[in-house]
Amino acid sequence: MTQEPFTSAGVQQKISDLYALPDNQLNDEAALVRADFPTWLKDNFILSNAQETYLDNIDAQFIGSAACDTATAMEFRLPITLTETGSTSITTARASKLIKKRKNITMEYSETGGVSATGSLDFEIIYAS
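Okay, so let's go over this structure.

The rules behind these values
- Residues numbered from 1 in each chain as written.
- Predicted model: local features only at pLDDT ≥ 70, side-chain atom pairs only at ≥ 80, totals over all residues.
- Heavy atoms only, no water.
- Helix = DSSP H or I, 4+ residues; strand = E, 2+ residues; numbered from the N terminus.
- Buried < 20%, exposed > 50% of the residue type's maximum accessible area, 1.4 Å probe, protein only.
- Contact = heavy atoms within 4.5 Å.
- Polar contact = N/O pair within 3.5 Å; in protein donor to acceptor, adjacent residues only side chain to side chain.
- Axes fitted to C-alpha atoms, helices over the stretch in contact; angles between N-to-C directions.
- Parallel < 35°, antiparallel > 145°, perpendicular 65-115°, else oblique.
- Nonpolar A, V, L, I, M, F, W, Y, C, P; charged D, E, K, R; others polar.
- Pairing = 2+ DSSP bridges.

To continue, consider unusual backbone geometry. Unusually for a residue other than glycine, R77 sits at a positive phi of about 55°. As for its placement among the helices and strands, R77 is situated in the loop between α5 (60-75) and β3 (80-85). Here R77 falls in the partly exposed class, since its relative accessible area comes to 29%.

Written out as structure tokens, the structure is:
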């Protein structure tokens, strides 16, 4: 698979490419997300050095939650979006970034139907000075 820019459009293209895969290949990708989300992001998106450094320093608890939710959304082919707000060109030492993850995923299980899921997963990156 080709690397995409880490932008809203790039994420949508990556999701389209992933969801075009057969179930077994998509599930393999989801397993890679669960196993090492930062590496999967680096392998699938074009990141600047600053973005890689930021990614490498995100708290493990947030990474674990994002990995689990992203893999689940992928396995059930649920919408995943990335939005960016604020100035993305901030370079001052005061610049800060806030990442929000909003999960609206409902999973169900029944003996006859197995596991199903509906909903979406949204990431928002907010830049502030």
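Within the fold, R34 resides in helix α2 (residues 23-35). The exposure class assigned to R34 is partly exposed, which follows from its relative accessible area of 39%. The sequence separation of R34 and M1 amounts to 33 residues, and the corresponding C-alpha distance is 18 Å. When residues no more than four places from it in sequence are discounted, the contact partners of R34 are A67, C68, A71, T72 and E75.

Turning our attention to the side chain of N44. Counting through the fold element by element, N44 comes out in helix α3 (residues 37-44). With a relative accessible area of 6%, N44 lands in the buried category. One polar contact links the side chain of N44 to the main-chain carbonyl oxygen of W40, over a distance of 2.8 Å. Ignoring anything within four residues of it in the chain, the contact list for N44 reads T2, Q3, E4, K14 and E29.

As a further point, take the packing of α2 against α5. A pair of packed helices is characterised by two quantities: the angle between their axes and the separation of those axes. The interhelical angle for the contact between α2 and α5, taken along N-to-C directions, is 175°, at an axis separation of 8 Å. It follows from the interaxial angle that α2 and α5 lie roughly antiparallel. Facing α2, whose interface residues are L26, N27, E29, A30, V33 and R34, α5 presents A67, C68, T70, A71, T72, M74 and E75. Residue composition of the contact of α2 with α5, grouped by class: seven nonpolar, three polar and three charged.

What follows is about the sheet that holds β3. Pairing within the open sheet is mixed, and its three strands lie in the order β3-β5-β4. Looking along the sheet, the strands with just one partner apiece sit at the ends: β3 and β4 (96-110). Neighbouring strand axes in the sheet, compared pairwise and without regard to direction, differ in orientation by 10° on average. Strand direction decides the pairing type here: β3 and strand β5 (residues 114-128), joined by six bridges, are parallel. Residue pairing in the sheet places T83 in a bridge with E124 of β5. Packing against the sheet, α5 makes contact with β3, β4 and β5, and its axis sits at approximately 45° to β4.

As far as function goes, none of this settles anything; it's purely spatial.
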